[in-house]
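Next come the chains, spelled out residue by residue.
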Amino acid sequence: MMSNSTAAATPEPLRDADPRLLRFLAAWRAARAGAPMPRRRAFDPMTAPDLLPWIWLCAYDPAADDFVYRLAGEEVNAAWGRSLRGAALRDLLGPEDHPTVRRRWAEILEGPNLHYGLTRERLSALETQSAERLLAPLADDAGLPAYILGVSLYRVAASDPGRPPLTAEDYVRLPVAAL
């Protein structure tokens, strides 16, 4: 159960989020130290050690105009059936879903924004997987937005073949400035 101070600091769209996502948000906020977003080296994953299996990190690669996984916890790798280290977002998602997710992730860095993916979100290629996730921007050493840090709580879910993947209502964008 959340304390009153934690509940008061929780943005409205996240009030019903899995408590693990709120712990991730608290760790990310603590690493900010007043900046719009924390620098990569300021975020210590050991501030939420129980989340390590579900945490992942992607770097934006300007040459490829895509995101590349730098690390992923065991549960994330298990959900995808392989290690994601070094994998490009384009290669994982395929041509149908990549443009939508790439655009959303660019909004995380450009805003900067947090991204809360709801449990009903699904990818075309992963009809049996669903995830509740929270994605946050991280800056490089110069303070420029360069990374997406996320926590994805995967679970097997019933597939709805009639439901289109990646609809606009599947995620909430939260401006960092409002946090």
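Look up: the structure comes first, before these words.
Here's what I pulled together on the structure shown here. (Residues numbered from 1 in each chain as written. Predicted model: local features only at pLDDT ≥ 70, side-chain atom pairs only at ≥ 80, totals over all residues. Heavy atoms only, no water.)

## A few points about the overall build of the protein chain
Right, on to step 1. From N to C terminus, the protein chain includes four helices and six strands.
Right, on to step 2. What you see in the protein chain, going N to C, is helices and strands ordered as α-α-β-β-α-α-β-β-β-β.
Right, on to step 3. Long-range pairs, those at least 24 residues apart, make up 57% of the contacts in the protein chain with a sequence separation of at least 6.
Right, on to step 4. Accessible surface, the protein chain as shown: approximately 8900 Å² in total, 55% of it carbon and sulfur. (Helix = DSSP H or I, 4+ residues; strand = E, 2+ residues; numbered from the N terminus. Contact = heavy atoms within 4.5 Å. Areas by Shrake-Rupley, 256 points an atom, 1.4 Å probe, with all protein chains shown as cover.)

## Comments concerning the nonpolar core
Right, on to step 1. If you look at the biggest cluster of nonpolar residues, it comprises 31 residues, and the most contacted ones within it are L14, F24, W28, F43, L114, L134 and V151.
Right, on to step 2. Put simply, the parts of the chain that give this core at least two residues each are α2 (19-32), β1 (55-61), β3 (113-117), β4 (129-139) and β5 (145-156).
Right, on to step 3. Ranked by the residues each element gives to this core, the list is headed by α2, at seven residues.
Right, on to step 4. Every residue in contact with V151, bar those within four places of it in the chain, is listed here: L21, F24, W54, I55, W56, E132, R133 and L134.
Right, on to step 5. With 21 residues, the next largest nonpolar core counts C58, A79, A87 and I108 among its residues. (Core = buried A, V, L, I, M, F, W, Y, C linked by side-chain atoms within 4.5 Å. Buried < 20%, exposed > 50% of the residue type's maximum accessible area, 1.4 Å probe, protein only.)

## With respect to helix α4 (residues 89-110)
Right, on to step 1. In this model α4 runs just 18 Å from its N-terminal to its C-terminal C-alpha over 22 residues, more than 12% under the 32 Å that 1.5 Å per residue would give.
Right, on to step 2. Along α4, the sharpest change in direction is near 120 degrees and occurs at P95. (Expected span 1.5 Å × (residues − 1). Bend = angle between axes of the 7 residues up to and from the residue.)

## Observations regarding the pairing of β3
Right, on to step 1. The buried count for β3 comes to five of five residues, which makes it a mostly enclosed element.
Right, on to step 2. Side chains N113, H115 and G117 of β3 all project onto a buried face; the interleaved residues L114 and Y116 project onto the opposite face, where all are buried too.
Right, on to step 3. Judged from the five bridges that link them, β3 and strand β6 (residues 171-175) form a sheet pairing that is antiparallel. Bridged to G117 within β6 is Y171. (Pairing = 2+ DSSP bridges.)

## Quick notes on the pattern of salt bridges
Right, on to step 1. With the rule as written, the count across this model stands at six salt bridges.
Right, on to step 2. Note that E12 and R15 form a salt bridge whose closest N and O atoms lie 3.1 Å from each other.
Right, on to step 3. A residue is classified by how much of its surface remains accessible, and R15, at 34% relative accessible area, is partly exposed.
Right, on to step 4. A salt bridge links D141 to R41; the shortest N-O distance between them is 2.6 Å. Here D141 is found in the loop between β4 and β5, whereas its partner R41 is found in the loop between α2 and β1, with 100 residues between them in sequence. (Salt bridge = Lys/Arg side-chain N within 4 Å of Asp/Glu carboxyl O.)

## Digging into unusual backbone geometry
Right, on to step 1. Here the bond from G111 into P112 is cis, since omega is -15 degrees, no more than 30 degrees from zero.
Right, on to step 2. Of note in this structure, A33 is not a glycine but carries a positive phi near 50 degrees.
Right, on to step 3. Tracing the backbone through its elements, the reader meets A33 in the loop between α2 and β1.
Right, on to step 4. On the basis of relative accessibility, which here comes to 72%, the residue A33 falls in the exposed class.
Right, on to step 5. Positioned with a positive phi, D65 is a non-glycine residue whose angle comes to about 50 degrees.
Right, on to step 6. Relative to the assigned elements, D65 resides in the loop between β1 and β2 (66-72).

## Some thoughts on the pairing of β2
Right, on to step 1. By the bridge criterion, six bridges tie β1 to β2 in an arrangement that is antiparallel. Of the residues in β2, the one forming a bridge with W56 is A72.
Right, on to step 2. Linking β1 to β2, which pair antiparallel, is a turn of four residues; within it D65 sits at a positive phi near 50 degrees.

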